[in-house]
Number of protein chains: 2
Amino acid sequence: MEEKLHAHCPLCLKVDSLAKLPADEFIWEFPHSIVTLGPWQFYQGYCIVVAKRHFHELFDLDRETRSAIIDEVALTAQAIHQVISPRKINYEWLGNQVPHMHWHLFPRQESDSNKLKAVWVELEQMENDPQKKIALEWASRGRAKLVHELRHELVQLTKME
Amino acid sequence: MEEKLHAHCPLCLKVDSLAKLPADEFIWEFPHSIVTLGPWQFYQGYCIVVAKRHFHELFDLDRETRSAIIDEVALTAQAIHQVISPRKINYEWLGNQVPHMHWHLFPRQESDSNKLKAVWVELEQMENDPQKKIALEWASRGRAKLVHELRHELVQLTKME
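Residues numbered from 1 in each chain as written. Chains lettered and ligands numbered in written order. Predicted model: local features only at pLDDT ≥ 70, side-chain atom pairs only at ≥ 80, totals over all residues. Heavy atoms only, no water.

Trainee: Where do I start with the relation of the copies chain B and chain A in this structure?
Mentor: One copy of the chain maps onto the second through a rotation about an axis and a displacement along it. In the superposition of chain B on chain A (RMSD 0.0 Å, axial shift 0.0 Å), the rotation amounts to 180°. Viewed as a symmetry operation, the transformation between the two copies matches a two-fold axis. Interface overlap between copies: 100% of the residues of chain B at the interface are likewise at the interface in chain A, consistent with a symmetric, same-surface contact. (Least-squares fit on C-alpha atoms with pLDDT ≥ 70 in both. Contact = heavy atoms within 4.5 Å.)

Pasting the structure below:
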């Protein structure tokens, strides 16, 4: 399923109005995708890579586009790795709520309280605890600073391409 | 981080002893990955695509290998789609427990009790409930039948390549 712009898709809308994205959310524009800082920073450095076109499944893309987008996801992961130094990055495209292709990149640390589990287990517990919910969004390094640092790495990485 | 075979990696071991894999687990061998039926079939049709080589992050692969593996993941997803007809497939490479590149492909259905959430939320609840845990592994269609059907689709799909 693919089309340039789906009227009711929030990610098509986001891609189509890039200029309106807050400065502490927008990180990068690639040829085939955009990169934003995730709304929660409980896993600091969490980014989302959103395909510019509306795809529902990996097999909906032609091989060239798929390869190009995965290269962009890999570059974003590399930038996160340079800035955050995680023990591992989690790569996830779920699409249960919004099917439009978007990759969650969660940097995971040795110090994560649930380091062997998917982030969703911890996030679900927080969602159910109003007092803890604020921790979901908080970024100790500051969102603007994270955006700046990640963008700086992407400048370097795309120069080296 | 990449090397042909890591002595202490359970997925390197699995790739290295393909012939020993149970008939109701092994589905397919691609040039760069193998496909197995997931150990739990609560999300029926759940497969795992394991890279043959030991990579920790997307940016550890050269562009060609990365592209080839993602094509293999896409073909597997397409086979799952043909056999299971899900509303959406979840694509996840976490690596929190075993970093060696492996993609979980979870087919999600309209009828999923938690259809808008990641599978891990439901699985965590089941893991904590011994009486429900058996539901994790059970496959109403039977594991051998699922393996047979998925393999049949992959034969067709790789013929069309």
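This is not the end of the story, as more comes after the structure.
Trainee: Just checking my understanding: could you explain the interface of chain B and chain A for this structure?
Mentor: By a widespread convention, an interface's size corresponds to the accessible area lost as its parts come together. If you look at the interface, chain B gives 36 residues, while chain A gives 36 residues. Note on chain B versus chain A: buried area summed over both sides is about 3400 Å², and carbon and sulfur give 55% of it. On the chain B side of the interface with chain A, the three residues burying the most area are Phe59, Tyr91 and Asn96 of chain B, jointly 21% of the side's total. The interface formed by chain B and chain A includes eight salt bridges. Between chain B and chain A we count 29 residue pairs in polar contact (both at pLDDT 80 or more) in total. (Buried area = accessible area lost by both parts, 1.4 Å probe. Salt bridge = Lys/Arg side-chain N within 4 Å of Asp/Glu carboxyl O. Polar contact = N/O pair within 3.5 Å; in protein donor to acceptor, adjacent residues only side chain to side chain.)

Trainee: How should the environment of Phe106 of chain B be read in this particular structure?
Mentor: All names here are of chain B. By secondary structure assignment, the location of Phe106 is in strand β7 (residues 102–108). When its relative accessible area of 0% is taken as the criterion, Phe106 is described as buried. A C-alpha to C-alpha distance of 5.5 Å links Phe106 and Ile89, two positions 17 residues apart in sequence. In contact with Phe106, other than residues within four places in its own chain, are Trp40, Tyr43, Tyr46, Lys88, Ile89, Asn90, Glu92, Val119 and Trp120. (Helix = DSSP H or I, 4+ residues; strand = E, 2+ residues; numbered from the N terminus. Buried < 20%, exposed > 50% of the residue type's maximum accessible area, 1.4 Å probe, protein only.)

Trainee: What is the right way to read the sheet that holds β7 of chain B from this model?
Mentor: In any sheet, the strands associate via hydrogen bonds between backbone groups, in a parallel or an antiparallel arrangement. One open sheet holds the ten strands; their spatial order is β2(A)-β3(A)-β4(A)-β7(A)-β6(A)-β6(B)-β7(B)-β4(B)-β3(B)-β2(B), and the pairing between them is antiparallel. The two strands at the open ends of the sheet, each matched to only one other strand, are β2 (26–29) of chain A together with β2 (26–29) of chain B. Strand-to-strand twist of the sheet, defined as the mean angle between neighbouring strand axes without regard to direction, takes the value 20°. Pairing geometry for strand β6 (residues 88–93) of chain A and strand β6 (residues 88–93) of chain B, over three bridges, is antiparallel. Bridge pairing links Tyr91 of chain A to Trp93 of chain B in β6 of chain B. With respect to the sheet, helix α2 (residues 63–84) of chain A is in contact with β3 (33–37), β4 (47–51), β6 and β7 (102–108) of chain A, its orientation differing from that of β7 of chain A by roughly 25°. Running over the sheet, helix α3 (residues 119–127) of chain A touches β6 and β7 of chain A and is turned about 90° from β7 of chain A. (Pairing = 2+ DSSP bridges. Axes fitted to C-alpha atoms, helices over the stretch in contact; angles between N-to-C directions.)

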